[in-house]
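Below, each chain spelled out in residue letters.
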Amino acid sequence: MKPDVSGFPRVRLTHLPTPLEEAPRFSASLGGPRIFLKRDDTTSLALGGNKARKLEFLMGDAVSRGCDYVITCGGPQSNHARMTAAAARKCGMQPVLVLDGRDPGHRLGNLLLDTLLGAQLVFSQERSAESVMEEVRERLEHQGHRPYVVPLGGSNALGTLGYVLCAFEIAEACKTQGVRPKALYVAAGSMGTVAGLVLGKLLSGAAFDVIGVGVSPDAHKKMARGVDLVLEAASLMKAGPLSRDEAEPHVSVFDGFVGEGYGVPTQAGLDAISLLARTEGVLADPVYTGKALSGLFAHINAGQYRKDETVVFLHTGGAPADFAYGDYFR
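Below, the structure is looked at part by part. Since the model is a prediction, treat every value here as computed from it, not as a measurement. (Residues numbered from 1 in each chain as written. Predicted model: local features only at pLDDT ≥ 70, side-chain atom pairs only at ≥ 80, totals over all residues. Heavy atoms only, no water.)

With respect to the overall build of the chain
Line of reasoning, step 1. The helix and strand tally for the chain stands at 12 helices and 10 strands.
Line of reasoning, step 2. Its C-alpha atoms give the chain a radius of gyration of 19 Å, within 12% of the compact-globule value 20 Å for 330 residues.
Line of reasoning, step 3. Taking the principal axes of the C-alpha coordinates as reference, the chain spans close to 60 × 50 × 35 Å.
Line of reasoning, step 4. Contacts spanning at least 24 positions in sequence make up 78% of the contacts within the chain whose residues lie at least 6 apart.
Line of reasoning, step 5. Carbon and sulfur atoms make up 52% of the accessible area of the chain, which amounts to about 13,800 Å² in all.
Line of reasoning, step 6. One finds the centroid of the 34 positive side-chain charges in the chain at a distance of 4 Å from the centroid of its 35 negative side-chain charges. (Helix = DSSP H or I, 4+ residues; strand = E, 2+ residues; numbered from the N terminus. Rg over C-alpha atoms; globule rule 2.2 N^0.38 Å. Contact = heavy atoms within 4.5 Å. Areas by Shrake-Rupley, 256 points an atom, 1.4 Å probe, with all protein chains shown as cover. Lys, Arg positive; Asp, Glu negative; His and termini not counted. Charge placed at Lys NZ, Arg CZ, Asp CG, Glu CD.)

What about the nonpolar core?
Line of reasoning, step 1. Counting 58 residues, the largest nonpolar core has Leu45, Leu55, Met59 and Leu197 as its most contacted members.
Line of reasoning, step 2. Put simply, the parts of the chain that give this core at least two residues each are α2 (51-64), α3 (79-90), α6 (157-177), β7 (183-188), α7 (192-204), α8 (219-237) and β10 (310-315).
Line of reasoning, step 3. In terms of residue count, the dominant contributor to this core is α6 (11 residues).
Line of reasoning, step 4. Apart from the residues lying within four places of it in its own chain, the contact partners of methionine 59 are Val11, Leu13, Val70, Ala87, Ala88, Cys91, Met93 and Val150.
Line of reasoning, step 5. Grouped together as the second largest cluster of nonpolar side chains are 26 residues, Leu30, Ala183, Leu270 and Phe313 included. (Core = buried A, V, L, I, M, F, W, Y, C linked by side-chain atoms within 4.5 Å. Buried < 20%, exposed > 50% of the residue type's maximum accessible area, 1.4 Å probe, protein only.)

Some details on the pattern of salt bridges
Line of reasoning, step 1. Applying the stated criterion to the full structure yields 20 salt bridges.
Line of reasoning, step 2. Ionic pairing is found between aspartate 41 and arginine 39, a salt bridge with its closest N-O pair at 2.8 Å. (Salt bridge = Lys/Arg side-chain N within 4 Å of Asp/Glu carboxyl O.)

What to know about the packing of α2 against α3
Line of reasoning, step 1. It is the contact of α2 with α3, at a shortest axis distance of 10 Å, that shows an interaxial angle of 45°. In this view, α2 runs oblique relative to α3, as classed from their interaxial angle. The element α2 and its partner α3 pack so that their crossing is right-handed. In this structure, α2 contributes Lys51, Ala52, Leu55 and Met59 to the contact, and α3 contributes His80, Met83, Thr84, Ala87 and Ala88. (Axes fitted to C-alpha atoms, helices over the stretch in contact; angles between N-to-C directions. Parallel < 35°, antiparallel > 145°, perpendicular 65-115°, else oblique. Left-handed = near helix turned anticlockwise from the far one by under 90°.)

A word on the packing of aromatic side chains
Line of reasoning, step 1. This structure, assessed with the given rule, holds four aromatic pairs.
Line of reasoning, step 2. Aromatic pair tyrosine 185 and tyrosine 305: ring centres 6.2 Å apart, planes at 75°, arrangement edge-to-face. Of the two residues, tyrosine 185 is situated in strand β7 and tyrosine 305 in the loop between α11 (289-301) and β10; the sequence distance between them amounts to 120 residues. Accessibility classification places tyrosine 185 together with tyrosine 305 in one group, the buried group. (Phe/Tyr/Trp six-rings, centres within 6.5 Å; stacked < 30°, edge-to-face > 60°.)

Spelled out as structure tokens, the structure:
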């Protein structure tokens, strides 16, 4: 039974459920197993992506508090920042995006969309985004506004609820389509998506493993944060007692596919993007989904799955960033 989240304020930002589609040509090009794509890139908020599910709860909270500004952070090509700006606009609020580093001077990819959405852009330069966000919050409050701060990636207990529900959605769709996936692959960054999927898997009794593929270093820190979020979200939902020892075995992140660092494409990721596009007409990105796909590739090539087994790849979106990485694709 799907968990009851009716007690949490929520605004509808997209059309759910998203499709669960088999990718037979993609699977055949890899020699199996059967691969299904959970198409969260098709959420209808500002060209789509996984953050819409989290933002439904986060913006619901902001609206219920009477907020008029929304502040969040990310890299210059942050999908989360772009979607948060769009969600803020949809809810009648002004977005402020604190972006890492210095202003690149150009407006491409997500950064162009941030500008079209009228977001106020603040570049953190050498400082931490968190400290700059706090300054922005204090300044807006001093001016008489009511700002709402959304954490990096929308990854707190409240945002995590969106992917608890998604895990149930996946389990139901698999049952309807008569498949029993052995694993669910997803890009792992701020860990809210992974944590929600893990908690949803535990609550629904789904048999698949949740496999996070790190898009930045420090897999151990990511796993620790993921377990924290699982426990915090379970407590928020009053989902019954869940111990750290019970949650830890279900949170896994592989970091062998990061390459030189966050936001730096890898050749394996670029190859994966091209193969998916040319076999299924589905677009991935070099920051998140490309690296996650390269992890899935590596595990398939290592013989981890039989041809008659099934895996699901959660497509978290990000294609707008492709337009900022054209030199890599050439």
